[in-house]
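This is what each chain is made of:
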Amino acid sequence: MDFAQIIEQYGENYVKAIFETMSMTAICFALAMIIAVFITVMRVSPIKPLRLVGDVYVQVFRNIPGVALLIVIAYALPNLKVVLPWKACVEVTVVLLASAFGSENFMTGINAIGVGQIEAARSIGLTFGKTMSKIVIPQALRSAVLPMTNLLIATMLTTALGSQVPMSPQELTGLVSYITTRSTGAGIVPFIISAVCYAGTAVILGVVGNYIDKRVRVLR
Amino acid sequence: MSAHTTSMRDALYEAPGPRTKLLTLIGTIVSLVLVCIGLALVIQQFRITGQLDAKYWAFYTNMNTWRFLFDGFLGTIKVAAMAAVLSLALGVVLMLGRTSGIKVLEIVCRVIIDFFRGVPSLLLIYFFYLAMPQYGVRLPPFWMITLPVALAASGVLAEVFRAGVNAVPKGQTEAALSIGLTPGKTMFKIVLPQALRIVVPSLISQLVVVVKDTTVAYVVSYPDLMQNARVLLTTHDAVVSVYLVVAIIYILVNFAINQLSIYMARRSGNPIISRTTENPT
Amino acid sequence: MAEQSRVIELRHVDKHYDKLHVLQDINLTVHKGEVVVLIGPSGSGKSTLCRTINRLETIDSGEILIEGEPLPQEGKALAQMRAEIGMVFQSFNLFAHKTILQNVTLGPIEVLKTPKDVAEREAMELLERVGVAEQAHKVPAQLSGGQQQRVAIARSLAMHPKAMLFDEPTSALDPEMINEVLEVMVELAQEGMTMVVVTHEMNFARRVSNRVVFMADGQIVEEGAPDEFFDRPKSQRAKDFLDSIRGH
């Protein structure tokens, strides 16, 4: 099948799939950022059990393969009486993975600041709260722009896990497998369309992230 | 966790006074209780749903179970190792093209790199599994999983290599050119060997991504760890215990690789360059 | 001297790093307007001593009094006290994400609650005084080390401190930049600022200080007027140290 035939037959599916992929990416990334902040606060807190929980969380979810986590959530959890809709399984998986990497990015940002500036903040009389809100957090956020851009792209690619469960409507990868198994002779066109959607978005996000980073980067 | 991380997060706090010590102690006790309650609830949920029953765990005492899982693990290693080697080679080639100074070649390589970095590995796997056979190319399962994983990794590796080359001091190139080496010789004899050494920790950490990507080998029915786990759980009807054990194996393997990469980075003083730290454009 | 003129007072201060006894029974009083220079070989504890005065380092036992009041251990009271004692670090420690002007105004605005325009006017005067007013809208990384250190001094001065601590302020500087920082410090001393200075700049110590405190192995070995100390050191440790830095 050529491009025109695919679009004619599956154009609507593609519009839906693009929307699925992009909206899942946006929702998952937003949730992941919130959880990442929460986990990071736990990891930098002076309370040891919270630190430990945060560290274990990050190590588990940055090391588990996405598919393995999805399968645990989608197929193992129902046996524990935790049943989620298919799409929610994918979203929970993506959020757990992305939040672990997000927390790592924040930690890297905090590490880049250095003890000296914190001592300087203390010595001009800033309280702990002010030191965090005026010195540590702004710098950690600025240096997180580039890694978080890459994480956003990675989050989009991870939503392709949606192809491993019967989601409806499908996202961009699931749709390809749907079309290819349904129409014999669909060829490589369905792949090209999805791939261009992914890679094109990734390049655009990269350019935007790079632009923001250049403007806010902390010179050292 | 690197020692650096630990020291910096401690540096956020000053040595506590008596009041802070008391608050920290209270916080520690309260959080410890909460964590224990959380764990107890999870275990309770396992218990009331019968997932702690002996039938779900007894087969782990049988060596055959482990042998079967180990066979799968060997499959994972084979795919990961081959994909790693291929992606290394392809990554170097793409990087050389991207920095060749030949405009057309640079653009082509850049498009290829951006493409492989910008599409999900699952899509590439479906390409080898679903699209290629339509053109009469039906690869063995091993290659249907290995090639897409290698291609997906090569894009990121090309950028890692480029960062490595950029990290070699400019003086090295100037010195090499000034003693009369050609630009090509300068690259292969002087710059590339040093760049490779710089990126060793990054390459090791990139291996984690490769191992993760191999997990979808079941799509093409290649017997890796995950695929064998799926066989195992149907034989024993033990979804929870098998998937949990397999997930833990993956986590431990990747954790070990990551720790090795951190160790190498600390020993050599070279940073870990990854898809999240490199420049996206 | 009168009781109220004692700005900084350390009584029987002890501190250990694990087994290492880094401060041993330190007694030191700094009066208003005094410039006290701490010298000694590296590892003698002089930097640690300097940093205990605003509790960047804690002590194991003994007492530290600021204007007769014990040093608070935490919270707002500690922050308040620190606001009154300036600190200049070896590595400048300017806030990397803020402009030079913002570095100087941050403390006054956030801690002293000075209105922004007043804080900025004062900051510009201070920057003028230390000679970096033209750089006010750059970020720290764009300045030389000497310039950064002068900004750090201005940042401390903006808090109107009762005393200033200098922890090896010129040790991280290239030789040609040392003087520009020392000149600012000399001026401060002449204006009557109470100063505790850890330094290796012996000319500065001799020319500006009222008292030289020589430390070795965590103890104050001897102290005295600069001329007396440099020309007629009493202890063998001090003689050896002075010989070694004079290159004999």
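To keep things clear, this report deals only with the structure shown in the data block.

Concerning the overall build of chain B
Consideration 1: A tally of regular secondary structure across chain B gives 11 helices and zero strands.
Consideration 2: The order of α-helices and β-strands along chain B, N terminus first, is α-α-α-α-α-α-α-α-α-α-α.
Consideration 3: A compact globule built from 281 residues would reach a C-alpha radius of gyration of about 19 Å, whereas chain B, at 24 Å, exceeds it by more than 25%.
Consideration 4: Projected onto its principal axes, the C-alpha coordinates of chain B cover approximately 75 × 70 × 30 Å.
Consideration 5: By the burial criterion, 47% of the 281 residues in chain B qualify as buried.
Consideration 6: Considering only intrachain contacts with a sequence separation of at least 6, the fraction spanning at least 24 residues in chain B is 76%.
Consideration 7: Split by element, the accessible area of chain B, about 13700 Å² in all, is 70% carbon and sulfur.
Consideration 8: Charge-centre separation for chain B: the mean point of 22 positive side chains lies 4 Å from the mean point of 12 negative side chains.

Overview of the sheet that holds strand β9 (residues 211-216) of chain C
All names here are of chain C.
Consideration 1: In space, the six strands of this open sheet follow the order β6-β7-β8-β3-β9-β10, with mixed pairing throughout. Taken across any chain shown, the strands that pair with only one partner, and hence form the sheet edges, are β6 (85-88) and β10 (219-224). The average angle at which neighbouring strand axes cross in this sheet is 15°, direction not considered.
Consideration 2: By the bridge criterion, four bridges tie strand β3 (residues 35-39) to β9 in an arrangement that is parallel. Bridge assignment links Leu38 to a residue of β9, and that residue is Val213.
Consideration 3: Here helix α9 (residues 236-246) sits on the sheet in contact with β3, β9 and β10, set at roughly 95° to β9.

As for the interface of chain A and chain B
Consideration 1: With 67 residues of chain A in contact, the opposing surface of chain B contributes 57 residues.
Consideration 2: When chain A packs against chain B, close to 5700 Å² is buried across both sides, 69% of that on carbon and sulfur atoms.
Consideration 3: Where chain A touches chain B, the interface holds three salt bridges.
Consideration 4: Residue A:Asp55 is joined to B:Arg9 by a salt bridge in which the shortest nitrogen-to-oxygen separation is 2.8 Å.
Consideration 5: With 10 residues, the single largest contributor to the side of chain A that touches chain B is helix α9 (residues 189-216) of chain A.
Consideration 6: Here the side of chain A that touches chain B is built from residues that sort into 42 nonpolar, 19 polar and six charged.

Quick notes on α9(C)
Residues and elements named next belong to chain C.
Consideration 1: When α9 is considered as a whole, its buried residues turn out to be Ala238, Phe241 and Leu242. With its buried residues spanning 95° around the axis, α9 presents them on a single face.
Consideration 2: Lining the buried residues of α9 we find β3, α7 (202-208), β9, β10 and α8 (226-231).

Points about the side chain of C:Glu34
All names here are of chain C.
Consideration 1: Here Glu34 shows up in the loop between β2 (20-31) and β3.
Consideration 2: A polar contact is formed between the side chain of Glu34 and the backbone nitrogen of His31, at a distance of 2.7 Å.
Consideration 3: Polar contacts involving the side chain of Glu34 include one to the side chain of Arg211, which spans 3.0 Å.
Consideration 4: Beyond its immediate chain neighbours, meaning those up to four positions away, Glu34 contacts Thr29, Met193, Thr194, Met195, Asn210 and Arg211.

Criteria and thresholds
Residues numbered from 1 in each chain as written. Chains lettered and ligands numbered in written order. Predicted model: local features only at pLDDT ≥ 70, side-chain atom pairs only at ≥ 80, totals over all residues. Heavy atoms only, no water. Helix = DSSP H or I, 4+ residues; strand = E, 2+ residues; numbered from the N terminus. Rg over C-alpha atoms; globule rule 2.2 N^0.38 Å. Buried < 20%, exposed > 50% of the residue type's maximum accessible area, 1.4 Å probe, protein only. Contact = heavy atoms within 4.5 Å. Areas by Shrake-Rupley, 256 points an atom, 1.4 Å probe, with all protein chains shown as cover. Lys, Arg positive; Asp, Glu negative; His and termini not counted. Charge placed at Lys NZ, Arg CZ, Asp CG, Glu CD. Pairing = 2+ DSSP bridges. Axes fitted to C-alpha atoms, helices over the stretch in contact; angles between N-to-C directions. Buried area = accessible area lost by both parts, 1.4 Å probe. Salt bridge = Lys/Arg side-chain N within 4 Å of Asp/Glu carboxyl O. Nonpolar A, V, L, I, M, F, W, Y, C, P; charged D, E, K, R; others polar. Arc of directions from axis to C-beta. Polar contact = N/O pair within 3.5 Å; in protein donor to acceptor, adjacent residues only side chain to side chain.

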